[in-house]
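A look at the structure
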Amino acid sequence: VTSVFFGGGTPSLMEPETLDAILHAIDQTWGLPAGIEISMEANPASSDADRFKAYAQAGVNRASLGVQALNDEDLRFLGRLHTVDEALRAIDLARVSFARMSFDLLYARPKQTAAQWEAELRRALGYAAAHLSLYQMTIEDGTPYKSLYEAGRLVLPDDDLAADLYALTQTVTDELGLPVYEISNHAAPGAQSRHNLTYWRYGDYVGIWPGAHGRLTLENGEKIATVAERHPESWADLVSQQGHGMTTQSMLTTREQADEMLVMGRRSSV
């Protein structure tokens, strides 16, 4: 094991004792070497100083906070439960509790100008320890945003402005010492997410929780793709019945592996 990542949903709602038990099981099964990266995603609205300290005591040494925006109006539009003040408090708590910390921001939001994004980005870089994840807003099927977009009630920046915002992001992060190392991720030298680099370098990973995907190389050199049951209660039933929540396990052909390696590798610059 080279890294552990608690992500998806809101894992920071877990009791610290649960997280400790999971890490203990991983250690018993594969071993957790000293200095391993153990990350946890957290929403600022669910952040709590005592929980952060307990997670750190259990072994978490890297926090990734879903801040999304440093603008209260946009946070309300995005459906986030926290305010800017709560987000900044969570960042301060994470910095105290964990050796490493990152947070996410969305840009190319409705009505956002280049000047507004630059000001927000520079403010964010003043709070970030050594890592930021910066994502352009996109409209996905099955989300409330898609209905608003199709009704003309949600207007995103056009492609030219979106490209300008991307270029501006690279300029500002380079200037302030957090260059891009993956299309949406920026870090100071040595502060890249080791776990995410595994994906982009097409390494092996075990996907355990509901909806998780995995890629594992077998002893004979073949690679297997796994998919876990998405519905949490159904996943728990499967674990009780068969010892794991996997619903799909399929061998990948050499061509499929090459395609996946190419697609994942193009995301990264390291």
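Below you will find a few notes about this structure.

Criteria and cut-off values
- Residues numbered from 1 in each chain as written.
- Predicted model: local features only at pLDDT ≥ 70, side-chain atom pairs only at ≥ 80, totals over all residues.
- Heavy atoms only, no water.
- Phe/Tyr/Trp six-rings, centres within 6.5 Å; stacked < 30°, edge-to-face > 60°.
- Helix = DSSP H or I, 4+ residues; strand = E, 2+ residues; numbered from the N terminus.
- Buried < 20%, exposed > 50% of the residue type's maximum accessible area, 1.4 Å probe, protein only.
- Lys NZ or Arg CZ within 6 Å of the ring centre and 35° of its normal.
- Pairing = 2+ DSSP bridges.
- Axes fitted to C-alpha atoms, helices over the stretch in contact; angles between N-to-C directions.
- Contact = heavy atoms within 4.5 Å.

Let us look at the packing of aromatic side chains. Under the definition given, this model contains six aromatic pairs. Taken together, a centroid distance of 5.8 Å and an interplanar angle of 45° make the contact between Phe77 and Tyr145 tilted. Of this pair, Phe77 sits in helix α3 (residues 72-77) while Tyr145 sits in helix α6 (residues 144-150); the two residues are 68 residues apart in sequence, bridging distant segments of the chain. For Phe77, a relative accessible area of 33% translates into the label partly exposed. The positively charged end of Lys223 is found above the aromatic ring belonging to Tyr202, 4.2 Å away from the centroid.

It is worth spelling out the sheet that holds strand β3 (residues 62-68) at this point. Reading across from one edge, β1-β2-β3-β4-β5-β7-β6 is the order of the seven strands in this open sheet, with mixed pairing throughout. Edge strands, defined here as strands with exactly one partner in the open sheet, are β1 (3-6) and β6 (180-182). Averaged over all adjacent pairs, the angle separating strand axes in this sheet is 25°, with direction ignored. Pairing between strand β2 (residues 37-42) and β3: four bridges, direction parallel. Within β3, the position partnered with Ala42 by the bridge is Leu65. Lying on the sheet, helix α4 (residues 84-97) is in contact with β3 and β4 (100-107); it crosses β3 at an angle near 170°.

Before going further, it helps to spend a moment on the sheet that holds strand β9 (residues 223-228). Hydrogen bonds between backbone groups are what pair the strands of a sheet, and the pairing can be parallel or antiparallel. Judged by pairing direction, the sheet is antiparallel, and its three strands sit side by side in the order β8-β9-β10 without closing on themselves. Taken across any chain shown, the strands that pair with only one partner, and hence form the sheet edges, are β8 (213-217) and β10 (246-252). In this sheet, adjacent strand axes meet at a mean angle of 20° when their direction is disregarded. Both β9 and β10 contribute to a ladder of six bridges, which runs antiparallel. Considered in β10, the bridge of Val227 is made with Thr248. Contacts between helix α10 (residues 254-265) and the sheet are confined to β8, β9 and β10, with β10 contributing the most and set at about 105° to the helix.

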